[in-house]
Amino acid sequence: MTQTPADHANIDPAEIEKFDALATRWWDPNSEFKTLHDINPLRLGWIERHCGGLTGKTALDVGCGGGILSEALARAGAQVTGIDLAASSLRTARLHLLESGQQVDYQQITVEELAEQRPASFDLVSCMEMLEHVPDPGSVVQACAQLARPGGQVFLSTINRNPKAYAFVILGAEYLLRMLPTGTHDYDKFITPAEMGRWIRQAGLEMQGMTGLVYNPLTRQYRLEPDDISVNYLVRCRRPT
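All of these numbers come straight from a predicted model, not from anything done at the bench.

J.: I'd love a proper account of the sheet that holds strand 1 (residues 58–62), names of residues and values included.
T.: Spatially, the eight strands line up as an open sheet ordered 3-2-1-4-5-8-6-7, and their pairing is mixed. With partners counted over all chains shown, the strands left at the sheet margins are strand 3 (104–108) and strand 7 (221–225), one partner each. The sheet shows a mean angle of 20° between the axes of neighbouring strands, taken without regard to direction. For strand 4 (residues 122–127) and strand 5 (residues 148–159), the ladder comprises five bridges, and the chain directions are parallel. Paired with serine 126 across the two strands is phenylalanine 155, which belongs to strand 5. Across the sheet, helix 2 (residues 34–51) lies against strand 4, strand 5, strand 6 (206–216), strand 7 and strand 8 (232–238), angled at about 30° from strand 7, the strand it touches most.

Shown next as C-alpha cells:
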C-alpha cells in the first residue's frame, strides 16, 4: 500500500512541499536542479565503476525526485526502481520517461516500508542528496542495507557538518552564487563522516570507501576528490555475504 507523507514518522512535510513546489523544473538543466545535472555524470560513473558495470543489475534509487539519477542508471543498463514521497516530482519523473524512452518503476513509498516488502532484492541501492532532508537518517541507512542483497552495494551521499560546509553550501551556494534556492538546506541536518560511519556499522554494512565531491567556482566544474571530504562526500558500502 502506497504511503503518504503523514503515514510515516521519518518524514519532514516541509521538505516534501519544498521539492513538490519545484517539480516541473526537475529536467531543466538551468533550473534550481542545475547542480544535480552537473554532478550526475560523476556520481553515475562512480557507481558504475564500483559495480563493474550496470548491465542487468537491479538498482534502487532512494529519494529519486524527478528521476535524474534513476534514468541515468537505466540508460547504463540497470533495471531501476525509484522511490520518493513527493507526488509531483514522481509525476514529472514518469512523464519524462515518455520523452526519454527509458524504463523505471517509480513508486511513492518510504524506504522503510519497501524494506519490509522487498528485503534483499537489489544488487545496488543509491541514496543521494537525501539523508540531510529527513528526521532520522540512520533509519534510511538501515532500510537501504535491508534492501541490498547479500554481497550487494549501497551508495550514499550527503554534506559534512562544519564551518567550511556552512560557508560553501549555505552562504556560498544558496545566498551568494544562487546555485540553490535559499532555504534548501538546514545546517543542523548536515552529517559528519563519524555519524555516517556509526549508522553504517549499526546497519551491518561494511564501508568500502569514501570520496569528496569538490566544486571549483572559477571553472564552475565538479570533480571527485578522495582527499577532501570537508563539504560534500560520497560513501560506498557492501552488505556482507
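This is not the end of the story, as more comes after the structure.
J.: Outline the pairing of strand 4, listing residues and values.
T.: Look at any regular strand and the pattern is simple: side chains alternate between the two faces of the sheet. A large share of strand 4 lies buried, amounting to six of its six residues. Pairing geometry for strand 1 and strand 4, over four bridges, is parallel. Residue pairing for strand 4: valine 62 is matched across the bridge by cysteine 127. For the crossover that starts at strand 4, traverses helix 6 (residues 137–147) and ends in the parallel strand 5, the hand is right-handed.

J.: Please give an account of the packing of helix 2 against helix 3 (residues 68–75) that cites residues and values.
T.: Orientation of helix 2 relative to helix 3, taken along the N-to-C sense of each, is 40°, at an axis distance of 10 Å. Classified by the angle their axes make, helix 2 and helix 3 are oblique. In this structure, helix 2 meets helix 3 at a crossing whose hand is right-handed. Together, Leu36, His37, Asn40, Arg43, Leu44 and Ile47 of helix 2 and Ile68, Leu69, Ala72 and Leu73 of helix 3 make up the contact between the two elements. Classifying every residue of the contact of helix 2 with helix 3 by side-chain character gives seven nonpolar, two polar and one charged.

J.: Give me helix 4 (residues 87–100): which residues, what numbers.
T.: An ideal rise of 1.5 Å per residue puts 20 Å on 14 residues; helix 4 measures up with 20 Å between its terminal C-alpha atoms. Buried residues of helix 4: Ser88, Ser89, Leu90, Thr92, Ala93, His96 and Leu97, and no others. Summarising the contacts, the buried residues of helix 4 are in contact with helix 1 (13–21), helix 3, strand 2 (79–84) and strand 3.

J.: Please provide a residue-by-residue account of the side chain of glutamate 195, values included.
T.: Tracing the backbone through its elements, the reader meets glutamate 195 in helix 8 (residues 193–202). According to the relative accessible area criterion, glutamate 195 is buried, its value standing at 18%. The residues contacting glutamate 195, other than those within four sequence positions of it, are Arg161 and Phe190.

The rules behind the values
- Residues numbered from 1 in each chain as written.
- Predicted model: local features only at pLDDT ≥ 70, side-chain atom pairs only at ≥ 80, totals over all residues.
- Heavy atoms only, no water.
- Pairing = 2+ DSSP bridges.
- Helix = DSSP H or I, 4+ residues; strand = E, 2+ residues; numbered from the N terminus.
- Axes fitted to C-alpha atoms, helices over the stretch in contact; angles between N-to-C directions.
- Contact = heavy atoms within 4.5 Å.
- Buried < 20%, exposed > 50% of the residue type's maximum accessible area, 1.4 Å probe, protein only.
- Right-handed = clockwise from strand over helix to strand, strands pointing away.
- Parallel < 35°, antiparallel > 145°, perpendicular 65-115°, else oblique.
- Left-handed = near helix turned anticlockwise from the far one by under 90°.
- Nonpolar A, V, L, I, M, F, W, Y, C, P; charged D, E, K, R; others polar.
- Expected span 1.5 Å × (residues − 1).

Purely spatial values, then, with no claim about function.
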